[in-house]
Amino acid sequence: MARPGYRGMVVDMDGYGGDQVRAAERPHLEAGEPLMQRAADGLARVVGDLLDDPAVRPQDGPGSVLVLAGSGDNGGDALFAAARLASAGRHVAVVRVGRRVHEAGLAAALGAGARLLAGPTPPRGGVAAAGAADVLRAAVVSDGERLAALTAEAAERADLLLDGVLGIGVQGATALRSPAREVVDAVRELARDQRAPYVVAVDVPSGIDVDTGGVADDHVLHADVTVTFGAVKAGLLRGPGATLAGRIELVDVGIGDELAAVEPLVRT
């Protein structure tokens, strides 16, 4: 059996649903196999190849990466890849866009030399119940504006941006919530002016429906490349997701035998 790892660009693609991929992963996770580490290894290799590609980054030097890290495993994949890239001498900066963070992934990234630029402000305790909702709403708006401005400045300096906000853990087309929404909009604004870095989506572009490719609204980053794990997701092959995904690269994490026993949602 081939060793799991980076497989390269996919030409003939079948598309699988989120539930199918999660079911295929389950026995491997229960057996303690390091699927996230395999995904991060492959992601880091793709990103490293892109940074060394003169067509993507004509400048000399190690290259710089800005990571948008969400709360779940998608953010963990991005952060562990960030650790590998920083260890290889790349300049890596991280912006947390979720209320939580994958702690082990963040620790690995920072330990390898990545810089944490910012994250959401934790809610304060001791607020009277009557005014708590207004205070929290104000904090969210402030976080969104603050992180958007910081991200726009960092993105203009970066060669490549990793979109690790949302993955296949969400059901359906999901509108991004603050502060991720404002952060993504800031990068989209740079893209309109052709000042955005090269965008790599982690597994799927954040916010698309992984089964149908549908989107809740237009607050989704258009990826130049999507690095997807285990199987090509059906939503990368149809609907708006097919356009938003850009070029698709597949990382083999070792679930191929399980997927071979199920009928994909999309056959090509």
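The following refers to the structure shown. Here the structure is a predicted model, which means the values were calculated and not measured.

Calculation rules
- Residues numbered from 1 in each chain as written.
- Predicted model: local features only at pLDDT ≥ 70, side-chain atom pairs only at ≥ 80, totals over all residues.
- Heavy atoms only, no water.
- Core = buried A, V, L, I, M, F, W, Y, C linked by side-chain atoms within 4.5 Å.
- Buried < 20%, exposed > 50% of the residue type's maximum accessible area, 1.4 Å probe, protein only.
- Helix = DSSP H or I, 4+ residues; strand = E, 2+ residues; numbered from the N terminus.
- Contact = heavy atoms within 4.5 Å.
- Axes fitted to C-alpha atoms, helices over the stretch in contact; angles between N-to-C directions.
- Parallel < 35°, antiparallel > 145°, perpendicular 65-115°, else oblique.
- Left-handed = near helix turned anticlockwise from the far one by under 90°.

**A word on the nonpolar core**
Working step 1: Within the largest apolar cluster, 53 residues are counted, with the highest numbers of intra-cluster contacts made by Leu 43, Val 65, Val 67, Leu 160, Leu 162 and Val 200.
Working step 2: Take this core: its biggest share by element is 10 residues, from helix α2 (residues 35-51).
Working step 3: Beyond its immediate chain neighbours, meaning those up to four positions away, Val 65 contacts Val 47, Leu 51, Leu 85, His 91, Val 92, Ala 93, Leu 160 and Leu 162.
Working step 4: Residues Leu 68, Ala 158, Leu 176 and Val 183 belong to the second largest nonpolar core, which totals 26 residues.

**Focus: the packing of helix α3 (residues 73-87) against helix α4 (residues 103-111)**
Packed helices, taken two at a time, are described by the angle between their axes plus the distance between the axes.
Working step 1: Orientation of α3 relative to α4, taken along the N-to-C sense of each, is 15°, at an axis distance of 8 Å. When the axis of α3 is compared with that of α4, the two are roughly parallel. Of the two elements, α3 crosses α4, and the hand of that crossing is left-handed. Side by side, α3 and α4 meet where Leu 79, Phe 80, Ala 82 and Ala 83 of the first sit next to Ala 104, Gly 105, Leu 106, Ala 108 and Ala 109 of the second.

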